[in-house]
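Residue strings, one per chain:
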Amino acid sequence: MDNGFNVNIDGQPAISNAGPDIAQCGTGDFTMAANNPIVGTGTWTLVGGAIVAIEAPNDPTTEVTGLPAGQSATLQWTIANGTCPNTSDQIIITNNEIPQITAASANDPVICGGNGLIELTFSSSVPDGNYNIVHDAGTFPGVTVSGGSANINAPEGQYDNLRITVSGCTSTQDIDITLTDPAIPTIAINGFASPTTC
């Protein structure tokens, strides 16, 4: 008679590493980068934020799709093995909106060597604050955006491809502004007469 019995000892699951947080611009599809466990089975779950689709929950490098623009989601990578305590790690994925910029108006300088005025408007993804407005030939530093608009005083010149960057995302509109000094006045001589006496 065999009175022996079997004892199963589960290995401690690998330490979970969900990978770094991911922030993207204008795209709601992400590729995960968790560790592939040597011991145990990993599973992705959604634990907070916007609803997304996890294409292959047990794949450490699964695709996660459908995150709406301007929103974030928190996912958890959990590694389990038998009766041992699970290990888990979380990652935040963010789909930042691409900011939109529009030229509302542009007024030329009223005097030679003076400043004209550029009025810009922005989408709701640009919160109030100070920003660098970049163009192909330079930068307008520290421009104040308030209520979705900003005014820039600038001398005559060509300001091509005006753009703004918010949360690492840069606007893509090709905004070109030309400011021109007023015409230089001319003096017309209608005629002249020489003195008739010394």
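Above: the structure in question.
Just so we're clear, the structure is a prediction, and the values are computed from it rather than from any experiment.

A. Molecular detail of the overall build of the chain. Counting its secondary structure elements, the chain contains zero helices and 16 strands. Looking at the chain alone, contacts between residues at least 24 apart form 59% of all its contacts between residues at least 6 apart. Counting every atom, the chain has about 11700 Å² of accessible surface; 51% of that belongs to carbon and sulfur.

B. Region of the structure containing unusual backbone geometry. A positive phi angle, close to 60°, is found at Asn-161, a residue other than glycine. Tracing the sequence through the fold places Asn-161 in strand E13 (residues 157-162). Overall, the relative accessible area of 23% leaves Asn-161 in the partly exposed class.

C. Inspection of the sheet that holds strand E4 (residues 53-54) at higher detail. Read from one edge of the open sheet, three strands run E2-E5-E4, paired in antiparallel fashion. Strand pairing shows two members of the sheet lacking a second neighbour, strand E2 (30-31) and E4, which therefore form its edges. Two elements, E2 and strand E5 (residues 63-65), share two bridges in a ladder whose sense is antiparallel. The partner of Phe-30 across the bridge, within E5, is Val-64.

D. Up close: the pattern of salt bridges. Under the criterion given, the structure shown has one salt bridge. Residue Asp-136 is joined to Arg-163 by a salt bridge in which the shortest nitrogen-to-oxygen separation is 3.2 Å. Taken as a pair, Asp-136 in the loop between strand E10 (129-135) and strand E11 (138-145) and Arg-163 in the loop between E13 and strand E14 (165-166) lie far apart in primary sequence, 27 residues in all. We classify Asp-136 as exposed; its relative accessible area is 54%.

E. Up close: the sheet that holds strand E12 (residues 149-155). Ordered in space as E8-E9-E12, the three strands form an open sheet in which the pairing is antiparallel. Of all strands in the sheet, those bounded by a partner on one side alone are strand E8 (101-107) and E12. Neighbour to neighbour, the strand axes of the sheet diverge by 25° on average, direction disregarded. Both E8 and strand E9 (residues 115-122) contribute to a ladder of six bridges, which runs antiparallel. Its bridge partner being in E9, Thr-102 is matched across the sheet by Thr-121.

F. Broad picture of the nonpolar core. In this structure, Phe-122, Ile-133 and Leu-162 are the most contacted members of the largest nonpolar core, which totals 20 residues. For this core, the secondary structure elements donating two or more residues are E9, E10, E11, E12, E13 and strand E16 (175-179). Apart from the residues within four sequence positions on either side, Leu-162 is in contact with Ile-101, Leu-120, Ile-133, Val-134, His-135, Phe-140, Ser-171, Gln-173, Ile-175 and Ile-177. Membership of the second largest hydrophobic core comes to 17 residues, among which are Ala-18, Trp-44, Ala-73 and Leu-75.

G. The arrangement of the environment of Gly-113 in detail. For Gly-113, the position within the fold is in the loop between E8 and E9. You can call Gly-113 exposed: its relative accessible area is 67%. The spatial distance from the C-alpha of Gly-113 to the C-alpha of Asp-181 is 7.0 Å, given a sequence separation of 68 residues.

H. Layout of the side chain of Ser-171. Within the secondary structure layout, Ser-171 lies in the loop between strand E15 (169-170) and E16. When sequence neighbours within four positions are dropped, the list of residues in contact with Ser-171 reads Ile-98, Pro-99, Ile-101, Leu-162, Arg-163 and Ile-164.

I. Here's a closer look at the environment of Val-126. You can see Val-126 is positioned in the loop between E9 and E10. Residue Val-126 is classed as buried on the basis of its relative accessible area of 4%. Ignoring anything within four residues of it in the chain, the contact list for Val-126 reads Pro-99, Tyr-131, Val-145, Ile-164 and Val-166.

J. Broad picture of the packing of aromatic side chains. Applying the stated rule across the entire model yields two aromatic pairs. Look at Trp-44 and Trp-77: their rings are 5.0 Å apart centre to centre, the planes differ by 40°, and that puts the pair in the tilted class. On the criterion of sequence distance, the pair formed by Trp-44 in strand E3 (residues 41-49) and Trp-77 in strand E6 (residues 71-80) is long-range, its members being 33 residues apart.

About the thresholds
- Residues numbered from 1 in each chain as written.
- Predicted model: local features only at pLDDT ≥ 70, side-chain atom pairs only at ≥ 80, totals over all residues.
- Heavy atoms only, no water.
- Helix = DSSP H or I, 4+ residues; strand = E, 2+ residues; numbered from the N terminus.
- Contact = heavy atoms within 4.5 Å.
- Areas by Shrake-Rupley, 256 points an atom, 1.4 Å probe, with all protein chains shown as cover.
- Buried < 20%, exposed > 50% of the residue type's maximum accessible area, 1.4 Å probe, protein only.
- Pairing = 2+ DSSP bridges.
- Salt bridge = Lys/Arg side-chain N within 4 Å of Asp/Glu carboxyl O.
- Axes fitted to C-alpha atoms, helices over the stretch in contact; angles between N-to-C directions.
- Core = buried A, V, L, I, M, F, W, Y, C linked by side-chain atoms within 4.5 Å.
- Phe/Tyr/Trp six-rings, centres within 6.5 Å; stacked < 30°, edge-to-face > 60°.

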